[in-house]
Amino acid sequence: MAFLRTVIRCSVYKKYGLLLDHHGKLNVCTSTLKSTAAASTNIVDTTPPKTVQQPPRDPLDITFEDAKAAFKSKTNLELIRAYVVYTLCSFDYLVQNNMKLMKLARNVLGEKLFIMLMKATFYGHFVAGEDEYKIRPKLERLRSFGVKPILDYSVEEDLSQEEAEKREVESSVPEAGEPEVEGSLKQYHVDKTFADRRYKVQSARTYFYLNEATCERNMETFIKCLEAIAGATYGTGITAIKLTALGRPQLLLQLSEVIMRARQYMTEIVGGEGNVLSHHLKHEDLESKFDKIKDKESLRKFLKQVTYDKQGVLHLFPWSGIIDDNQELSMTFRVPDLKTGRMTRLISQLSTKEEEMFRNMIRRVNTIVKAAQEMDVRIMVDAEQTYFQPAITRITLEFMRKYNKEKAIVFNTYQCYLRNALTEVTTDLEQAKRQNFFFGAKLVRGAYLEQERARAAAMGYPDPTNPNFEATTEMYHSTLTECLKRIKAFKEKGEDKKIAIMVASHNENTVRFAIEKMKEFGIEPGDKVICFGQLLAMCDYITFPLGQSGYSAYKYIPYGPVNEVLPYLSRRAQENKGVLKKIKKEKRLLSKEILRRLATGQIWYTPKGNYVPV
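Right, let's walk through the structure included here. What you see is a predicted model; the values in this text were computed from it and never measured.

## Brief notes about the overall build of the protein
Okay, step 1: Scanning the protein from terminus to terminus reveals 24 helices and 14 strands.
Okay, step 2: Of all 614 residues assigned to the protein, the portion counted as buried reaches 55%.
Okay, step 3: Long-range pairs, those at least 24 residues apart, make up 78% of the contacts in the protein with a sequence separation of at least 6.
Okay, step 4: With an accessible surface of roughly 28,600 Å², the protein has 54% of that area assigned to carbon and sulfur atoms.

## Points about the pattern of salt bridges
Okay, step 1: Under the criterion given, the structure shown has 35 salt bridges.
Okay, step 2: Glu593 serves as the salt-bridge partner of Arg596, at 2.9 Å between the closest nitrogen and oxygen. Of this pair, Arg596 and Glu593 both sit in helix α24 (residues 580-599), separated by three residues, roughly a single helical turn.
Okay, step 3: The exposure class of Arg596 is partly exposed, given its relative accessible area of 26%.
Okay, step 4: Using a relative accessible area of 1% as the deciding quantity, one classes Glu593 as buried.
Okay, step 5: Overlapping salt bridges, with partners in common, bring together Glu65, Glu508, Arg512, Lys585 and Arg588 in one network.

## Some points on the nonpolar core
Okay, step 1: Core analysis: the biggest nonpolar cluster contains 163 residues, and Phe302, Phe333, Phe439, Ile530, Phe532 and Leu569 have the highest contact counts within it.
Okay, step 2: When residues in this core are grouped by element, the largest group, ten residues, is from helix α11 (residues 249-270).
Okay, step 3: If sequence neighbours within four positions are ignored, Phe532 has contacts with Met502, Val503, Val511, Ala514, Ile515, Met518, Leu546, Tyr551, Ser552, Ala553 and Tyr554.
Okay, step 4: Core analysis: the next-biggest nonpolar cluster, separate from the first, contains six residues, Val201, Tyr417, Ala447 and Tyr448 among them.

## Looking at the packing of aromatic side chains
Okay, step 1: Across all of its chains, the model carries ten aromatic pairs by this definition.
Okay, step 2: Between Phe399 and Tyr403, the ring centres sit 6.4 Å apart and the planes meet at 20°, which makes this aromatic pair stacked. Linking Phe399 with Tyr403, this pair stays in helix α17 (residues 389-403), spanning four residues, or about one helical turn. An identical accessibility class is assigned to Phe399 and Tyr403; each is buried.
Okay, step 3: On the numbers, 6.1 Å between centres and 35° between planes, the contact of Tyr414 with Phe439 is tilted. Note that Tyr414 is positioned in strand β10 (residues 410-415) and Phe439 in strand β11 (residues 439-444), a separation of 25 residues in sequence. Side by side, Tyr414 and Phe439 carry an identical accessibility label, which is buried.

## Overview of the environment of Leu251
Okay, step 1: Relative to the elements of secondary structure, Leu251 occurs in helix α11.
Okay, step 2: In sequence terms Leu251 and Met361 are 110 residues apart; their C-alpha atoms lie 9.4 Å from each other.

Parameters and conventions
Residues numbered from 1 in each chain as written. Predicted model: local features only at pLDDT ≥ 70, side-chain atom pairs only at ≥ 80, totals over all residues. Heavy atoms only, no water. Helix = DSSP H or I, 4+ residues; strand = E, 2+ residues; numbered from the N terminus. Buried < 20%, exposed > 50% of the residue type's maximum accessible area, 1.4 Å probe, protein only. Contact = heavy atoms within 4.5 Å. Areas by Shrake-Rupley, 256 points an atom, 1.4 Å probe, with all protein chains shown as cover. Salt bridge = Lys/Arg side-chain N within 4 Å of Asp/Glu carboxyl O. Core = buried A, V, L, I, M, F, W, Y, C linked by side-chain atoms within 4.5 Å. Phe/Tyr/Trp six-rings, centres within 6.5 Å; stacked < 30°, edge-to-face > 60°.

Here it is, written out as structure tokens:
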């Protein structure tokens, strides 16, 4: 068996020049087979040792003006199609009415001709293919040019505003109704005006809850994405998931409110700003604050479940209980009230059915993450609206703690247009450090800015967003710098670099900033702790030069049947209209490369890459 394994490993080396070890890292195949005769002292092997050919690496132009490097993975027809699509995206009338026009074209042309038209234009440009089998050539070509995929099955329901609002309201109100609870936070309750979560959102996909069976189907779809990734990327791919696809939004709202009320409670107990991790409160000091509590037995149970280490209290509640089948949410979040001397509940009573639905949601997430671990690929949990995000982050962190023991399998997403982004990331980094698990994060500017501002103003709670683009950029750069500092500290100590960050940005200044900071802190692309990500067919002039020069680069890859991804295509057209400066540069580079190929006689150019992704 050992001999067979050696032969197999070396045959893989002959094909790819590199191997993946059991940690998912790239290793050169050094195994050699020696015959018994060669071991004899009478025979000397005079064959010179073969030099291992390193994978090609191109120099990186950080001005991102190299058109040849940007588009060497594209055929001439693909370049022309891209130029046409971007030109169409610059016409206001077409963009504003794109969904109506696509439906009209389908009715006029008929199904077959409409699909051909879409594949020749918008669908062919923005979407990888119809299913996990038809996208395989696209994934293979991306990989050959040093770029890895993040898969997203981009089928969306084409719901009317009325239907979306109806579904959201029905699925966001507890069975017992919306009782008035002292200390409740209005931000974490549904408002019909903003029940259609697509309002003022272009770049993020939205799921609306229908029933538990739909959530099961969504789970199965995410697992199919994992299988497609595992089959084509050799352990380097990622699948993006959304928690609102896997459960009832009411439960995320209630858990988010509990988390925020728990933070307020801790501030009342300890005083000052910040969460419990920043205070390093000792367990005995916490206990002394509850001398006046009358229900000693309940107090004892509360104190028993407090999580702490040698630095002090970590958590007031056993947050691991939210991913534990044997825990009930409504019984977990009870705290000693210093005013009344009694135990009070931070979460409204959940029915048996609601508790079961929450466990179902957690089971679905666990099934997906466990499958990712077994397939040696990764899960990226997308960020959503601020009223869901505390629950999403808490659940994601618990799955990090459970599964990120040897490497980062689960990643959370942080939106840097939020005022508290740096605080949240720093807190979660500290928890990962103290509880000894790998921390994975995707940093984005964010998808819900206008919606968040409008909702906060209408409902009368503080605006959670930064005041302008410059403040968001500063927040992004500060948050990234904090992560890089901690990576540097791990590296200087010679320890595992237990932090993995994706710089998910279409802003070339932010990408340049990340590259310069990596150099400043002595972090190499080969350390495999920093990667970059952009959407398929957007900012190719950033992604491909990065991948071809040896940086870890990803494309967010949507796929699905033509008619069922029309809402996605509509959003892409809208989003491209909103980034005209980027389109202008991409069009200029496209035309430059098209003319260069024509001038050099590359009429039938065939992309052929032999890069190896980092």
